[in-house]
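Coordinate inspection notes
As a plain string of letters, each chain reads:
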Amino acid sequence: MADAPPGTLARALRPVFAAVAQGRTDPPGRRHRRLTIRGVYLPTVAEMLLTLILLLAGNATLRSHHADSALTVVSLLGVLPLLLRGSRPLVAWRWSALAMVLSSLVFRAPAVTGVPYLPWLGIVYLLCLYSVAVRCERAVTVGVMVISTAGCILIDPNSGAFSLLCAVPILLGYIVRLRRTTRRALAEQEARHEAETAVLQERQRIARELHDVVAHHMSVIAIQAEAAPYKVADPPPELAESFADIRASALEGLTELRRILGVLRTDPATQTAPQPGLERLEEVVASARAGGLSVETSVTGQAPILPAGVGLSAYRILQESLSNAMRHAPGASVWVDIAYEPDVLRLRVRNGPGTAPDRVARAGGGHGLVGMRERAAMLGGDLTAEPTADGGFVVTAVLPLAAGDRTHPAGRPEPATPAD
């Protein structure tokens, strides 16, 4: 027979080494609210009661058989891993396995009780096996099963019942772990799907608004092209024909634009509504003040005639920032700073901590930051949103006034932050 490839034995024994020395344990799962009464977690109380019962039962049994004091000490210590298996299941299993071996082989428990294993230590060992299967990697679980089977043969070669019994909690624990892993992966996939859906919805909203902006400018081009020949007495036929071509192209482009983006409209009542801009700053601030915020505004620089897309995006970012402050920091003070610079518009909205109880549930929050980042990225700008040292929040947007001269890398938003 050919020799085994180098390293085959090491790979085969790797699970055993991991179980004995270097196995990784997953963090404990979240506690169920239904099992918590007045801050007391019922499974923890049950483990403490079971530990006490096994301690008393084991001590009474060994005393009735006049067992050696060393066996009694090992037996009592072998029950304590029950209290540790919730936080350190692999350590608890090692402790329990050591107690089983010492009590059966070193201190001769069979000679005292007449059975190969002390029953209460067997219960502790099975519970530790279940915790290992739930919280540890598959390789570690396999190593634990191999060691358990070898230990059963070492302690009692004529009986394999306990080794078969050890497979039950390991199988149950593995099924529970597989279910938890599947549910966690599904939850992560749903979260990614929700984030992608939020981005698509916001892009759809931006497309609807840009449809209005671009359609307005193309309509103006068509009207001006139609009226231009009448501003010149006896225009050359070539000039009139050129303006006619410009008008026809503008109308054709407007038709295609409505055909492609007009289907995104879901509310016919708003099709002709003008899109807002920073000229409605006082209106937005007044609405925020009516919602309980103390808002102070500061405008520096000479306000130019903003491109429609820049004004609309700045308005939406300001509106969403104030809405988030009302939602997450009721009664807070808010400072709105708008700076008009030669090339960019800087918008900064900072709120302090709320002074009133948070009346709105945070669960299932919206995707406001996703939309704000999409708007800034669309214009080739930048947007940052982060908490402040005093418990507040600050949103800073830098929007180039010549949006068409810059492109955002990859056109993708930055990763979302925990806040809304």
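Quick caveat: nothing in here was measured; it's all calculated off a predicted structure.

1. Concerning the sheet that holds strand β6 (residues 382-387)
Hydrogen bonds between backbone atoms are what pair the strands of a sheet, whose relative direction is either parallel or antiparallel. Read across the sheet, five strands follow the order β3-β4-β5-β7-β6 without closing on themselves; strand pairing throughout is mixed. Sheet topology places β3 (294-300) and β6 at the edges, where each strand pairs with a single neighbour. Adjacent strand axes in the sheet meet at a mean angle of 10 degrees, parallel and antiparallel pairs treated alike. As defined by bridge partners, β6 adjoins strand β7 (residues 393-400) across six bridges and the pair is classed as antiparallel. Within the sheet, the bridge partner assigned to Ala-385 lies in β7 and is Val-395. The strands touched by helix α11 (residues 308-328) are β4 (333-340), β5 (344-351), β6 and β7; relative to β5, the strand with the most contacts, the crossing angle is about 5 degrees.

2. Digging into the packing of helix α4 (residues 89-106) against helix α6 (residues 119-135)
The contact between α4 and α6 brings their axes to 9 Å, and the two run at 150 degrees. Considering their axes alone, α4 and α6 lie roughly antiparallel with respect to each other. Considering how the two elements wind past one another, α4 and α6 form a crossing that is left-handed. For the pair α4 and α6, contact is made by Pro-89, Leu-90, Ala-92, Trp-93, Ser-96, Ala-97, Ala-99, Met-100 and Ser-103 and by Leu-121, Gly-122, Val-124, Tyr-125, Cys-128, Leu-129, Ser-131, Val-132 and Arg-135, respectively. Across the contact of α4 with α6, the residue classes break down as 13 nonpolar, four polar and one charged.

3. Notes on the pattern of salt bridges
By the definition in use, this model includes four salt bridges. When the shortest N-O distance is used, the salt bridge between Glu-283 and Arg-280 registers 2.8 Å. The class for Glu-283 is partly exposed, based on a relative accessible area of 45%.

4. Concerning the environment of Tyr-117
Structurally, Tyr-117 is set in the loop between α5 (109-113) and α6. Spatially, the C-alpha atom of Tyr-117 lies 8.9 Å from that of Asp-156, the residues being 39 residues apart in sequence. Residues in contact with Tyr-117, not counting those within four places in the same chain, are Met-100, Ser-104, Cys-152, Ile-155, Asp-156 and Phe-162.

Scoring rules and cut-offs
- Residues numbered from 1 in each chain as written.
- Predicted model: local features only at pLDDT ≥ 70, side-chain atom pairs only at ≥ 80, totals over all residues.
- Heavy atoms only, no water.
- Pairing = 2+ DSSP bridges.
- Helix = DSSP H or I, 4+ residues; strand = E, 2+ residues; numbered from the N terminus.
- Axes fitted to C-alpha atoms, helices over the stretch in contact; angles between N-to-C directions.
- Contact = heavy atoms within 4.5 Å.
- Parallel < 35°, antiparallel > 145°, perpendicular 65-115°, else oblique.
- Left-handed = near helix turned anticlockwise from the far one by under 90°.
- Nonpolar A, V, L, I, M, F, W, Y, C, P; charged D, E, K, R; others polar.
- Salt bridge = Lys/Arg side-chain N within 4 Å of Asp/Glu carboxyl O.
- Buried < 20%, exposed > 50% of the residue type's maximum accessible area, 1.4 Å probe, protein only.

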